[in-house]
Amino acid sequence: MFKNSLTHYGLVSVLLHWLIALVVFGLFALGFWMVDLSYYSEWYKTAPYWHKSIGILLAIAMIFRLCWRFISPPPKALATHKSWEKQLSAMMQLCLYLGITVLVLSGYLISTEDGRAIAVFTWFEVPSLGALFENQADIAGLVHEYVAYSLIFLATLHGLAAVKHHFIDKDHTLKRMFGKKP
C-alpha cells in the first residue's frame, strides 16, 4: 500500500508526486505574481517570505522523494510502451529532477547573497553561505527565471504525455499515478 510494487505506485510515491507538482506550479504562480509587486504593496515582503519558505520545504520533499525512490523503486514501464517512450520518460524524469534542484539552488543563491539566512516560516533557518561569486543574485536570478519557465514547460509536457497515454493509448499510465492497480 505505501511502497511501490512492480505494477503500480504506492501511496507515498503518489502523494509526493502530486504534492511536488502542486507546489512547483504554485510557486511558479506566486513568483510570477510577486516580481511585479511595488514596494508599497502589503505583499512586498510577505510573498517572497512564503515563496522562500515553501521553496525550502520543496527541497526537503525532493530529497525525501529521491531517497524514497531508492527505498521503493518505481514500477516497471508498461509492456505496451515503446522503447522510445521509455527513454523519453526517463529523460523527462531526469530533467524534472534536475530542474527542481537547479531552481531551489538558484533561489537559495539569490536569497542569501547578502549573508542573511532564509527563515522557513518560524520553524527554522537555512544559513547563508554569503556571496560565492560576483553578481550572484543577478546571475542566479536569471537562472531561476529561465529554469522556472523551462520546468513549467516540461511539467506540462509530462502531464500531456500522461493524458495521451490515458485517452489515446488507453493504457494504465495515468491510473498508476493515482495509485490504482492496473
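See the structure printed just above.
Let me begin by describing the structure that accompanies this report.

Basis of the calculations
- Residues numbered from 1 in each chain as written.
- Predicted model: local features only at pLDDT ≥ 70, side-chain atom pairs only at ≥ 80, totals over all residues.
- Heavy atoms only, no water.
- Helix = DSSP H or I, 4+ residues; strand = E, 2+ residues; numbered from the N terminus.
- Buried < 20%, exposed > 50% of the residue type's maximum accessible area, 1.4 Å probe, protein only.
- Expected span 1.5 Å × (residues − 1).
- Contact = heavy atoms within 4.5 Å.
- Core = buried A, V, L, I, M, F, W, Y, C linked by side-chain atoms within 4.5 Å.
- Salt bridge = Lys/Arg side-chain N within 4 Å of Asp/Glu carboxyl O.
- Axes fitted to C-alpha atoms, helices over the stretch in contact; angles between N-to-C directions.
- Parallel < 35°, antiparallel > 145°, perpendicular 65-115°, else oblique.
- Left-handed = near helix turned anticlockwise from the far one by under 90°.
- Nonpolar A, V, L, I, M, F, W, Y, C, P; charged D, E, K, R; others polar.

Of note, the phi angle at asparagine 135 is positive, near 60°, even though the residue is not glycine. Within the fold, asparagine 135 resides in the loop between β2 (124–126) and α4 (136–167). Of note in the backbone geometry, lysine 170 takes a positive phi value of approximately 55° without being a glycine. In this structure, lysine 170 sits in the loop between α4 and α5 (173–176). Take lysine 170: its relative accessible area is 64%, and that puts it in the exposed class.

Helix length check: helix α1 (residues 11–34) (24 residues) gives 34 Å between terminal C-alpha atoms against 34 Å at 1.5 Å per residue, within 8%. Taken together, the buried positions of α1 are Val12, Ser13, Val14, Leu16, His17, Ile20, Val23, Val24, Leu27, Leu30, Gly31 and Met34. Check the buried side of α1 and you find it contacts α2 (46–71), α3 (83–112), α4 and α5.

Take the nonpolar core next. By size, the foremost hydrophobic cluster in this structure holds 19 residues, and its most contacted members are Ile20, Val24, Leu58, Met62, Ile100 and Leu151. Those elements that place two or more of their residues in this core are α1, α2, α3 and α4. No other element matches α3, which puts six residues into this core. When neighbours within four sequence positions are excluded, valine 24 is seen to be in contact with Leu58, Ile100, Leu151 and Ile152. Counting eight residues, the second-largest nonpolar core is a separate cluster that includes Ile56, Tyr108, Phe121 and Val126.

Under the criterion given, the structure shown has three salt bridges. Between glutamate 85 and lysine 164 there is a salt bridge whose closest N-O contact spans 2.9 Å. Residue glutamate 85 is found in helix α3, and its partner lysine 164 is found in helix α4; the two are separated by 79 residues along the sequence. Residue classification places glutamate 85 among the buried positions, given a relative accessible area of 9%. Because the salt bridges share partners, they merge into one network encompassing Glu85, Lys164 and Asp169.

Before going further, it helps to examine the packing of α3 against α4. Each pair of packed helices can be summarised by the angle the axes make with each other and by the distance between the axes. In the contact formed by α3 and α4, the axes pass within 8 Å of each other and the chain directions differ by 150°. When the axes of α3 and α4 are compared, the pair comes out roughly antiparallel. Every pair of crossing elements has a handedness; the one defined by α3 and α4 is left-handed. Its residues assigned to classes, the contact of α3 with α4 comprises 17 nonpolar, nine polar and two charged.

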